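# Tertiary structure, described
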Amino acid sequence: KISYGYRAAFKRMGNIIYRDTVNALLGRRKPNSVRMYAWAGGGFRKVKNYRYVKKYGATPDVTKDYNVAYFPLQMEPELSLLLFSPEFVNTVEAIIWLAKCLPSNWLLVVKEQPNAFQFRSKSFYERFRQIGNVALADPDTHGWDWIRASKLVATVTGTTGVEAVYLNRPVLSFGQHQVINELPTVFPVTNYSEVKKSVEFII
C-alpha cells in the first residue's frame, strides 16, 4: 500500500515544508533537531531507490536453481533494533559475514524494508550488488514467499525469525535477546566464526 510514485513524493515534500515552516514561525522547533526541510527530499530518494532495486531485484522463481539464504533488512535506526539488539546493529556486516560463509551454490537474498527506501543512499544497494553471491529481492515480493523459498533465514530482530520457525526453516539470529534463541532450530551468533560454524552445521 506504500506509494513509490513522484506524485506522493511531491505531496510529502509539501507537507514537510508546511509543517517545518509553521513550527518555525510558532517557535515550536526543537533545539538540536534536524535542520529545516531536511526530510523534504526523502520522497524522491524513495522513488529512485525503489526503482533501482526493482530493476535489479530477484523473485523466488528466478532463484530456484540456487539454495537460498534470506536476510530481510530493517529500518535503521529503529527502536526494535536498538532495544532488542544493542550489542549488534550492523546489518551490512552481518550480510557480509554470511555471504562469505555460503558455498558457491548458495545465494543470499537481501530484501529491503518497505519504508526504508527514503532513508538509504543508492550506494547502499550498489554495495550488495558488488558481492557475487548476494542478490537484492524484488521489493514487491512478499517476505513469506522468500522464507518458503529459502533453506536458511537470517535476522537481527523482528518477526521474520518467528515466521521462519513456524515455516520450519533454520534461523541465524544476530540478536542476542530474541526469545526464539531458545529453540533448537535457531542458532544465535555474535561473530564471524560463529556464523561460519552455524552455517556449516545447517548445511
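Now for a description of the structure that goes with this document. These numbers come from a predicted model, not from an experiment. (Residues numbered from 1 in each chain as written. Predicted model: local features only at pLDDT ≥ 70, side-chain atom pairs only at ≥ 80, totals over all residues. Heavy atoms only, no water.)

## A few points about the sheet that holds strand β6 (residues 186-188)
Backbone-to-backbone hydrogen bonds join strands into a sheet, with any given pair of strands oriented parallel or antiparallel. Heads up, the condition is: A strand pair is defined by DSSP finding two or more bridges across the two strands. Numbered from the N terminus, helices here are DSSP runs of H or I no shorter than four residues, and strands are runs of E no shorter than two. Angles here are taken between N-to-C directions and fall from 0 to 180 degrees, while the axes themselves are lines fitted to C-alpha atoms, restricted in helices to the stretch in contact.
Spatially, six strands are ordered β3-β2-β1-β4-β5-β6 in an open sheet, and the strand pairing comes out parallel. Looking at which strands have only one partner, the edges of the open sheet turn out to be β3 (134-136) and β6. Shown here is a sheet whose adjacent strand axes are inclined to one another by a mean of 25°, direction ignored. As judged from the three bridges shared by strand β2 (residues 106-111) and β3, these two strands associate in the parallel manner. Bridge assignment links Leu 108 to a residue of β3, and that residue is Val 134.

## Comments concerning unusual backbone geometry
We apply this condition: Three exposure classes are used, based on accessible area relative to the maximum for each residue type with a 1.4 Å probe and protein chains only: buried under 20%, partly exposed in between, and exposed over 50%.
The phi dihedral of Asn 32 falls on the positive side, at around 60°, and the residue is not glycine. Among the secondary structure elements, Asn 32 is positioned in the loop between α1 (6-25) and α2 (42-56). Unusually for a residue other than glycine, Tyr 37 sits at a positive phi of about 65°. For Tyr 37, the position within the fold is in the loop between α1 and α2. A residue is classified by how much of its surface remains accessible, and Tyr 37, at 33% relative accessible area, is partly exposed.

## Focus: the packing of aromatic side chains
For the record, the criterion: Only Phe, Tyr and Trp rings are paired, with Trp represented by its six-membered ring, and only when their centres lie within 6.5 Å; those with planes under 30 degrees apart are stacked, over 60 edge-to-face, the remainder tilted. Charge-over-ring contacts are defined here by two conditions on Lys NZ or Arg CZ: a distance within 6 Å of the ring centre and an angle within 35 degrees of the ring normal.
If you walk through the whole model with that rule in mind, you get 13 aromatic pairs. Ring plane angle 35° and centroid distance 6.2 Å describe the contact between Tyr 6 and Phe 44, whose orientation is recorded as tilted. With Tyr 6 in helix α1 and Phe 44 in helix α2, this residue pair connects regions lying 38 residues apart in the sequence. Site record: aromatic cluster; members linked through ring pairs are Tyr 4, Tyr 50, Phe 117, Phe 124, Tyr 125 and Phe 128. Sitting over the face of the ring of Tyr 56, Arg 129 holds its NZ or CZ atom 3.5 Å from the ring centroid.

Worth remembering: the numbers are spatial, not functional.
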